[in-house]
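The primary structure of each chain is shown beneath.
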Amino acid sequence: MTQVTLDSASLAWDKQDGLIPAVVQNHLTGKVLMLGYMNEAALEKTLSTNQVTFFSRSKQRLWTKGESSGNTLQLIAIDKDCDNDSLLVQVIPNGPTCHTGTESCWPDGNAHPFIDNLTNVIISRKGQSADSSYTASLFERGTKRIAQKVGEEGLETALAAVTNDKEELINEASDLMYHLIVLLEDQGLSMADINQNLLARHTKAAK
């Protein structure tokens, strides 16, 4: 993995008594996971180990996420904002991030990425009565029907592109993405698994 770098000297450490807020985001899904604070030593350790480390204000020491629970945060990318006084940290989480056992410290989903929320809606339809929703009816009809719909929507998406019908292409691509998410859920997978695979391919190709 490429070593992540950031010029710590460019950060405005003096604004908040040597601490800078760090928003942690899932690199694969875009979901915001938690907010922590870093001092210079925490940032340096994060960059040198690729394991996200904070400064614990309650314990007054460095704290590597997951040091007791094992639920670590693998650093993928880090960036500073326009005022040099906050950080956006992109990670791949190893287990739930919140101390309560949830994936995110914002568990309700009200401010999560749309695809993530759509996936959760699709998951909630699984096992419901077929007449309650189109999604539920797809799950009841089984893998073959869901896979058939993915094939049909894939063809219609390609045809819309060939005819240069951009509005139709958007509609058909939307149908394709929806049915693909349903198929992945039917198979016990998710878009995060696809993103992980694409990331692995990208990383390998970049070497």
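Residues numbered from 1 in each chain as written. Predicted model: local features only at pLDDT ≥ 70, side-chain atom pairs only at ≥ 80, totals over all residues. Heavy atoms only, no water.

1. Thoughts on the overall build of the protein chain
Across its full length, the protein chain carries six helices and six strands. Secondary structure elements of the protein chain occur, N-terminal to C-terminal, as β-β-α-β-β-β-β-α-α-α-α-α. Computed over C-alpha atoms, the radius of gyration of the protein chain comes to 21 Å, more than 25% over the 17 Å expected from 2.2 N^0.38 for 207 residues, which places it beyond the range of a compact globule. Considering only C-alpha atoms, the protein chain reaches an extent of 55 × 40 × 30 Å along its principal axes. Out of the 207 residues in the protein chain, the part that is buried amounts to 37%. Sequence-distant contacts, at least 24 apart, represent 50% of the contacts inside the protein chain between residues at least 6 apart. Charged side chains of the protein chain number 18 positive and 26 negative; the gap between the two group centres comes to 7 Å. (Helix = DSSP H or I, 4+ residues; strand = E, 2+ residues; numbered from the N terminus. Rg over C-alpha atoms; globule rule 2.2 N^0.38 Å. Buried < 20%, exposed > 50% of the residue type's maximum accessible area, 1.4 Å probe, protein only. Contact = heavy atoms within 4.5 Å. Lys, Arg positive; Asp, Glu negative; His and termini not counted. Charge placed at Lys NZ, Arg CZ, Asp CG, Glu CD.)

2. Things to note about the pattern of salt bridges
Scanning the model with the defined rule gives eight salt bridges in all. Of the charged contacts, one joins K15 and D85 as a salt bridge, the two residues approaching to 3.2 Å between their closest N and O atoms. Here D85 lies in the loop between β5 (73-80) and β6 (87-93) and K15 lies in the segment before β1 (20-26), a separation of 70 residues in the sequence. The buried category is assigned to D85, whose relative accessible area is 16%. For E67, the salt bridge goes to R61, with nearest N and O atoms at 2.9 Å. Accessibility expressed as a relative area gives 42% for E67, which makes it partly exposed. Here R61 falls in the partly exposed class, since its relative accessible area comes to 34%. Taken together, the salt bridges that share partners define one network made up of R145, K149, E152 and E153. (Salt bridge = Lys/Arg side-chain N within 4 Å of Asp/Glu carboxyl O.)

3. What to know about the pairing of strand β4 (residues 61-64)
Two elements, strand β3 (residues 53-56) and β4, share four bridges in a ladder whose sense is antiparallel. Looking across to β4, one finds that S56 is bridged to R61. Where β3 hands over to β4, the hairpin turn is made up of four residues, of which Q60 adopts a positive phi near 55°. (Pairing = 2+ DSSP bridges.)

4. Details of the environment of G109
Along the chain, the position of G109 falls in the loop between β6 and α2 (114-125). Counting along the chain gives 23 residues from G109 to S132, while the straight-line C-alpha distance between them is 23 Å.

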